[in-house]
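Here is how the chains run, residue by residue.
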Number of protein chains: 2
Amino acid sequence: MSSSAPQHPRPADGHRLWSVDEHLADVLGAVRPLEPIELQLLDAQGCVLVEDVTVPVALPPFDNSSMDGYAVRTADVQGASEEFPAVLTVVGDVAAGSGELPTVGPGEAARIMTGAPLPPGAEAVVPVEWTDGGTGGGAAAGMTPASAAPEQSGGEVRVHRAAEARAHVRARGSDVQAGDLALAAGTVLGPPQIALLAAIGRGTVRVRPRPRVVVLSTGSELVQPGEPLAAGTIYDSNSFALAAAARDAGAIAYRVGAVADDADTLRSTIEDQLIRADLLVTTGGVSVGAYDVVKEALSSIGSAGSTGPGDGDGDADVEVDATRIDFRKLAMQPGKPQGFGTIGPDHTPLLALPGNPVSSYVSFELFVRPAIRTLMGLPESEVRRPSVRAVLKADKALGSPAGRRQFLRGAYDAESGTVSPVGGSGSHLIAALAHADSLMVVPEDVTSVEPGTELEVVLLG
Amino acid sequence: MSSSAPQHPRPADGHRLWSVDEHLADVLGAVRPLEPIELQLLDAQGCVLVEDVTVPVALPPFDNSSMDGYAVRTADVQGASEEFPAVLTVVGDVAAGSGELPTVGPGEAARIMTGAPLPPGAEAVVPVEWTDGGTGGGAAAGMTPASAAPEQSGGEVRVHRAAEARAHVRARGSDVQAGDLALAAGTVLGPPQIALLAAIGRGTVRVRPRPRVVVLSTGSELVQPGEPLAAGTIYDSNSFALAAAARDAGAIAYRVGAVADDADTLRSTIEDQLIRADLLVTTGGVSVGAYDVVKEALSSIGSAGSTGPGDGDGDADVEVDATRIDFRKLAMQPGKPQGFGTIGPDHTPLLALPGNPVSSYVSFELFVRPAIRTLMGLPESEVRRPSVRAVLKADKALGSPAGRRQFLRGAYDAESGTVSPVGGSGSHLIAALAHADSLMVVPEDVTSVEPGTELEVVLLG
């Protein structure tokens with residue numbers, strides 16, 4: 001019957017059902033994190049660091065002012081008050097970025113800006129609000145822009161309060177010291193991590209890149225959305241849904257249009273796409289029908305499509321002699337027929353999902369998303385969707401087939417810790433999926449779930 | 001002192017402190033969702049739908065098979081068993097996408113694939129596993145690919161089990177009916193919603209686009225990461241961190257390199273960028289210093305930079321006569337000095353954040369992120385970061401300044417419902433921020449938080 005399908009790795013057991021966990025373990029066991037590359041900082045957003053990054057230069061790199069004010073010697077302002085201010089000679093401005101610094105001698109002050117280096121001689125900063133701002137008037141609210149009042153970088157300033165040594169001074173290295181570990185290998189780079197890397201001067205960083213995922217749907221019945229439907233045809237939704245889901249998982253997704261049910265066309269399309277794929281995902285054509293073209297094409301691709309390495313004809317043939325796609329049945333609903341293996345000279349992983357839109361989407365969540373996140377090198381805890389326990393809230397019991405793990409569309413309410421079914425159990429209820437936020441999991445040995453029962457719920461999005 | 005700054009909207013109250021909530025309300029009150037545009041489906045991922053989308057054609061669009069098997073008349077298979085099979089003449093194949101369908105007469109069957117239209121005359125589908133698959137042997141496990149065994153679309157099939165009317169038939173419209181509401185205006189388009197839109201044939205969809213956010217940092221002390229540091233300089237981290245954070249919030253971010261503290265340069269840079277900005281974010285130069293160039297430049301841009309609409313000189317001058325940026329002090333730490341207003345002929349919103357990396361990041365989270373998400377048209381509940389209540393776990397009490405809402409970096413543990421401080425309270429602790437996952441909020445009227453106290457915690461990322 002299925003003589004053209006590749007041999008099951010355990011031939012004696014060729015028709016057994018695989019459990020969801022076995023299939024996932026098989027997939028994740030074969031998928032390795034991508035080789036790291038050096039990326040510009042912003043290109044590395046969302047990626048996983050593969051090196052321990054140490055701090056090359058202390059932060060802040062020099063003692064600097066935490067306020068806009070005046071850099072002073074503490075002895076000069078000792079006992080100062082509004083009534084009896086300390087009157088100091090302003091020897092110049094120290095703006096952020098100043099290279100040459102004035103020296104602050106006894107009886108002198110330098111006007112200093114937030115972030116500017118503490119000039120030699122100065123021991124503390126008094127905020128401008130503690131002074132007359134050089135105006136000879138009362139307490140200042142701020143400084144006039146230097147461009148409008150250049151004379152205020154000289155003259156005199158009256159200081160109304162004393163300052164202790166190091167007051168309003170951020171010490172060199174008070175954030176991080178040179179040699180400290182800034183970020184450990186394995187860190188996921190979000191905005192605050194990018195902030196730290198930039199702050200310590202890293203313009204590029206070594207990370208695992210985003211996986212490039214090629215998504216193609218198969219089926220002669222598939223029509224591109226926006227085009228008219230002929231008799232017997234439906235719209236292709238899988239390639240759109242899974243490309244979106246792949247991006248959502250962190251991948252760079254390439255959507256290939258629907259491919260008709262012809263093994264040669266499919267084979268050459270896949271061979272073409274291999275060059276830009278770290279992972280291939282197909283939908284449809286994996287069941288027991290006479291036109292299940294994915295099964296047909298990937299069963300023969302190794303023998304028919306290639307003459308092995310170094311055939312020397314110089315054309316664009318892709319070597320696909322390393323194809324090993326295993327088609328199997330899973331003890332789950334929806335999503336019973338699945339294919340998984342590697343293809344082509346680089347042993348690119350390929351997941352062949354069923355064609356029904358809900359089946360393919362659920363399969364993506366359960367198997368493809370973890371594969372993508374494993375390629376990214378994400379930590380174990382971030383590979384799979386989080387799941388919670390919730391109490392079923394429903395009018396009647398949910399039926400579920402014996403021996404199959406069922407995934408039903410649910411609406412989870414965190415407040416009450418409950419989950420309610422959305423739509424029925426038919427695997428074609430794409431409308432219900434669009435209104436669900438979770439998948440309710442009914443274990444293999446359960447055939448009926450009464451309202452009030454606690455269930456595992458996989459949270460989507 | 002601050003005579004060159006624009007007038008506060010409530011001049012009599014010019015030096016008062018704004019609360020965090022007042023400032024946020026002011027920002028969100030001035031920001032309007034972007035005008036919707038029609039986008040290709042995959043370009044609309046993450047965007048908000050602005051139209052109610054109704055179903056133009058029922059799903060599935062025709063009665064179709066849910067199994068690979070044989071389309072039969074129920075009377076023909078009544079009482080069939082493995083011992084006494086019904087023997088039917090196979091009149092042809094019905095593959096998915098078949099336009100012309102064979103008619104199934106009495107004593108006849110059509111081989112049918114999952115998703116293929118139920119042919120005229122047939123009333124039910126029997127799965128291939130309930131038959132001999134046309135081989136004359138025992139129960140079939142599946143079909144042989146049609147390309148390998150074309151003769152199996154003819155001949156005879158033995159059916160081993162009876163089928164009720166409509167068995168394994170998915171009825172036209174059983175998922176959605178034409179005219180049903182598929183998705184309501186306001187829906188955020190994730191992968192399952194994109195799946196539904198594609199399934200009902202929508203190639204494009206009307207949504208609010210992602211906001212284009214221009215991020216620029218200011219400061220003559222700023223050096224691009226990767227370049228050598230001269231005396232008194234530090235690395236620019238804000239433009240990287242906030243560009244990443246803007247993308248994280250859903251925006252398209254344009255990072256402009258650091259701009260030196262020169263009002264003319266800053267002004268012309270901002271004028272240049274207006275063309276591609278739905279929102280401008282600057283960092284630095286908003287305090288009371290003599291080189292606080294953002295304040296200086298944006299206070300004068302309206303009068304100096306423009307001659308009003310239609311000056312007719314034909315050059316690339318941007319009309320910036322509509323600039324109204326208000327600089328104010330907030331009752332918060334970090335992040336006291338802030339600017340907000342609109343700029344240029346399109347009244348583009350501009351948020352001027354303080355220059356300290358942690359201050360600018362916290363300010364972004366509190367004010368810019370909600371502004372971006374308001375521009376996107378996201379529902380109220382998704383505009384702000386979620387927050388939870390958690391119990392402080394610390395060695396000693398946390399100090400906080402009176403009259404200021406303090407935001408401290410925290411590590412939240414959902415399991416135990418606790419939050420622990422990460423690093424100290426210094427606003428320059430960028431290293432601590434990179435290891436925090438949340439912000440602990442200490443209210444204005446609290447100056448000390450004992451361990452064991454319950455706090456509001458804003459969850460980041």
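Basis of the calculations
- Residues numbered from 1 in each chain as written.
- Chains lettered and ligands numbered in written order.
- Predicted model: local features only at pLDDT ≥ 70, side-chain atom pairs only at ≥ 80, totals over all residues.
- Heavy atoms only, no water.
- Helix = DSSP H or I, 4+ residues; strand = E, 2+ residues; numbered from the N terminus.
- Contact = heavy atoms within 4.5 Å.
- Polar contact = N/O pair within 3.5 Å; in protein donor to acceptor, adjacent residues only side chain to side chain.
- Salt bridge = Lys/Arg side-chain N within 4 Å of Asp/Glu carboxyl O.
- Buried < 20%, exposed > 50% of the residue type's maximum accessible area, 1.4 Å probe, protein only.
- Least-squares fit on C-alpha atoms with pLDDT ≥ 70 in both.
- Expected span 1.5 Å × (residues − 1).
- Domains from an automatic or database assignment.
- Buried area = accessible area lost by both parts, 1.4 Å probe.
- Nonpolar A, V, L, I, M, F, W, Y, C, P; charged D, E, K, R; others polar.
- Lys, Arg positive; Asp, Glu negative; His and termini not counted.
- Pairing = 2+ DSSP bridges.
- Axes fitted to C-alpha atoms, helices over the stretch in contact; angles between N-to-C directions.
- pLDDT = per-residue confidence, 0-100.
- Phe/Tyr/Trp six-rings, centres within 6.5 Å; stacked < 30°, edge-to-face > 60°.
- Lys NZ or Arg CZ within 6 Å of the ring centre and 35° of its normal.

Sorry if this is basic, but what is going on with the environment of Tyr291(A) here?
Position of Tyr291(A) among the secondary structure elements: in the loop between β18 (279–283) and α6 (293–304). Between the C-alpha atom of Tyr291(A) and that of Leu24(A), which follows or precedes it by 267 residues, the distance is 27 Å. With residues near it in sequence (within four places) discarded, Tyr291(A) still touches Asp261(A), Asp93(B), Ala95(B), Met113(B) and Ala146(B). Side-chain polar atoms of Tyr291(A) contact the side chain of Asp93(B), separated by 2.5 Å.

It is not clear to me how the pattern of salt bridges should be interpreted in this structure. Could you clarify?
Think of it this way: side chains of opposite charge can pair up when their charged atoms draw near. What the rule picks out here adds up to 32 salt bridges over all chains. Here Asp278(A) and Arg212(A) are joined by a salt bridge, their closest N and O atoms 2.9 Å apart. Residue Asp278(A) is found in the loop between α5 (263–273) and β18, and its partner Arg212(A) is found in strand β14 (residues 212–218); the two are separated by 66 residues along the sequence. Residue classification places Asp278(A) among the buried positions, given a relative accessible area of 14%. Under the relative-accessibility criterion, Arg212(A) is labelled partly exposed at 27%. Of the charged contacts in the structure, one is a salt bridge between Glu444(B) and Arg405(B), with a shortest N-O distance of 3.0 Å. Here the residue Glu444(B) occupies a position in the loop between β27 (438–442) and β28 (448–449), and Arg405(B) occupies one in strand β25 (residues 405–413), the gap between them amounting to 39 residues. Salt bridges sharing common partners tie together Asp248(A), Glu365(A), Arg369(A) and Arg385(A).

Could you clarify how one ought to interpret the relation of the copies chain A and chain B in this entry?
Two copies of one chain are present, and they are related through a rotation about an axis combined with an axial shift. Mapping chain A onto chain B calls for a rotation angle of 180° and an axial translation of 0.0 Å; the resulting RMSD is 0.0 Å. Accordingly, the operation relating the two chain copies is best matched by a two-fold axis. Distance from the rotation axis, computed per C-alpha, reaches its smallest value in chain A at Asp248(A): 6.1 Å. In this assembly, 100% of the residues forming the interface of chain A have copies in chain B that are likewise at the interface, indicating an isologous arrangement.

What is the right way to look at helix α4 (residues 238–249) of chain A in this model?
Counting along an α-helix, one turn takes 3.6 residues, and residues three or four places apart therefore face a common direction. For α4(A), which comprises twelve residues, the first-to-last C-alpha distance of 16 Å matches the rise-based estimate of 16 Å (1.5 Å per residue) to within 8%. Burial runs high along α4(A): ten of the twelve residues are buried. Of the positions making up α4(A), those classed as buried are Asn238(A), Ser239(A), Phe240(A), Ala241(A), Leu242(A), Ala243(A), Ala244(A), Ala245(A), Ala246(A) and Ala249(A). Where the residues of α4(A) are buried, they touch β14, β17 (252–259), β18, β22 (348–353) and α7 (357–375) of chain A together with α3 (191–199) of chain B. The positive-phi residue at the C-terminal boundary of α4(A) is Gly250(A), with phi of around 115°.

So what exactly am I meant to see when it comes to the domain arrangement of chain A here?
Often the size quoted for an interface is simply the accessible area lost on bringing the parts together. Residues and elements named next belong to chain A. Taken domain by domain, chain A consists of domain 1 (11–34 + 210–382), domain 2 (47–60 + 174–208), domain 3 (64–170) and domain 4 (387–459). Opposite the nine residues of domain 1 that make contact, domain 2 presents five residues. The contact between domain 1 and domain 2 buries some 520 Å² in all, and 61% of this surface belongs to carbon and sulfur atoms. On the domain 1 side of the interface with domain 2, the three residues burying the most area are Leu 34, Arg 210 and Met 376, jointly 57% of the side's total. Where domain 1 packs against domain 2, one counts one residue pair in polar contact (both at pLDDT 80 or more). Class assignment of the residues belonging to the side of domain 1 that touches domain 2 gives a composition of six nonpolar, one polar and two charged.

Please explain the interface of chain A and chain B as it appears in this structure.
Across the contact, 87 residues belong to chain A and 88 residues belong to chain B. Carbon and sulfur atoms make up 64% of the surface buried where chain A meets chain B, a total of about 6900 Å² over both sides. Our enumeration of links across chain A and chain B arrives at zero salt bridges. Counting across the chain A and chain B interface gives 30 residue pairs in polar contact (both at pLDDT 80 or more). Secondary-structure elements contributing two or more residues to the side of chain A that touches chain B are β12 (181–183), α3 (191–199), β16 (234–235), α4 and α8 (430–433) of chain A. The leading source of residues in the side of chain A that touches chain B is α3(A), at eight residues.

Would you mind showing me how to read the side chain of Glu296(B) here?
Relative to the assigned elements, Glu296(B) resides in helix α6 (residues 293–304). In this structure, Glu296(B) is buried with no salt-bridge partner, the nearest side chain bearing the opposite charge being Arg267(B) at 6.0 Å. Beyond its immediate stretch of four places on either side in the chain, Glu296(B) contacts Pro145(A), Ser147(A), Ala263(B) and Arg267(B).

I would appreciate a short explanation of the sheet that holds strand β21 (residues 337–343) of chain B in the present structure.
All names here are of chain B. Overall, mixed pairing links the seven strands, which are arranged β1-β19-β21-β22-β18-β14-β17 in an open sheet. On the outer flanks of this sheet lie β1 (17–18) and β17 (252–259), each paired with one strand and no other. Two strands pair when backbone bridges link them, and β21 and strand β22 (residues 348–353) are joined in this way by five bridges, in the antiparallel orientation. Residue pairing for β22: Gly 341 is matched across the bridge by Leu 350. Across the face of the sheet, helix α7 (residues 357–375) comes into contact with β14 (212–218), β18 (279–283), β19 (324–330), β21 and β22 while running at roughly 170° to β22.

Would you mind showing me how to read the sheet that holds strand β9 (residues 124–127) of chain B here?
Paired through backbone hydrogen bonds, the strands of a sheet run either parallel or antiparallel to each other. Residue and element names in this part refer to chain B. What the five strands build is an open sheet, ordered β9-β6-β8-β7-β10; its pairing is mixed. Two strands lie at the open edges of the sheet, namely β9 and β10 (156–159), each paired on one side alone. Averaged over all adjacent pairs, the angle separating strand axes in this sheet is 40°, with direction ignored.

Which parts of the structure should I look at to understand the confidence of the model for chain A?
In regions of low pLDDT, the predicted coordinates are not meant to be interpreted in detail. Confidence in the prediction of chain A, expressed as mean pLDDT, is 90, and 91% of residues score 70 or more. Confidence drops under pLDDT 50 across residues 1–13 of chain A; counting only partners more than four residues distant or on other chains, this segment forms 21 contacts.

Any chance you could explain the side chain of Arg405(B) here in plain terms?
On the basis of relative accessible area, Arg405(B) is assigned to the buried category, the value being 15%. Dropping the residues within four chain positions of it, Arg405(B) is found in contact with Val20(B), Asp21(B), Ala331(B), Met332(B), Gln333(B), Val441(B), Val442(B), Pro443(B) and Glu444(B).

How do you make sense of the pairing of strand β26 (residues 418–421) of chain A when you look at a structure like this?
Successive side chains on a regular strand alternate, one facing one side of the sheet and the next facing the other. Residue and element names in this part refer to chain A. Relative to β26, strand β23 (residues 387–392) is paired through two bridges, and the arrangement is parallel. Bridged to Val 391 within β26 is Thr 418. Relative to β26, strand β25 (residues 405–413) runs antiparallel, the two being bridged by four bridges. Within β26, the position partnered with Gly 410 by the bridge is Pro 421. The hairpin turn running from β25 into β26, its antiparallel successor, is four residues long, and Gly 417 in that turn takes a positive phi close to 70°.

What is the right way to look at the packing of aromatic side chains in this model?
For any pair of aromatic rings, the description rests on two quantities: the centre-to-centre distance and the angle between the ring planes. All names here are of chain B. Considering all chains together, one arrives at zero aromatic pairs over all chains under this definition. The ring of Phe 240 is capped by Arg 255, whose NZ or CZ atom sits 3.9 Å from the centre of that ring. The side chain of Arg 328 reaches across the aromatic face of Trp 18, ending 3.5 Å from its centre.

Before we go on, may I ask you to explain the environment of Pro127(B) in this structure?
Residues and elements named next belong to chain B. You can see Pro 127 is positioned in strand β9. As a C-alpha pair, Pro 127 and Ser 299 span 172 residues in sequence and 76 Å in three-dimensional space. The contacts of Pro 127, once residues within four sequence positions are left out, are Met 67, Asp 68, Gly 69 and His 168.

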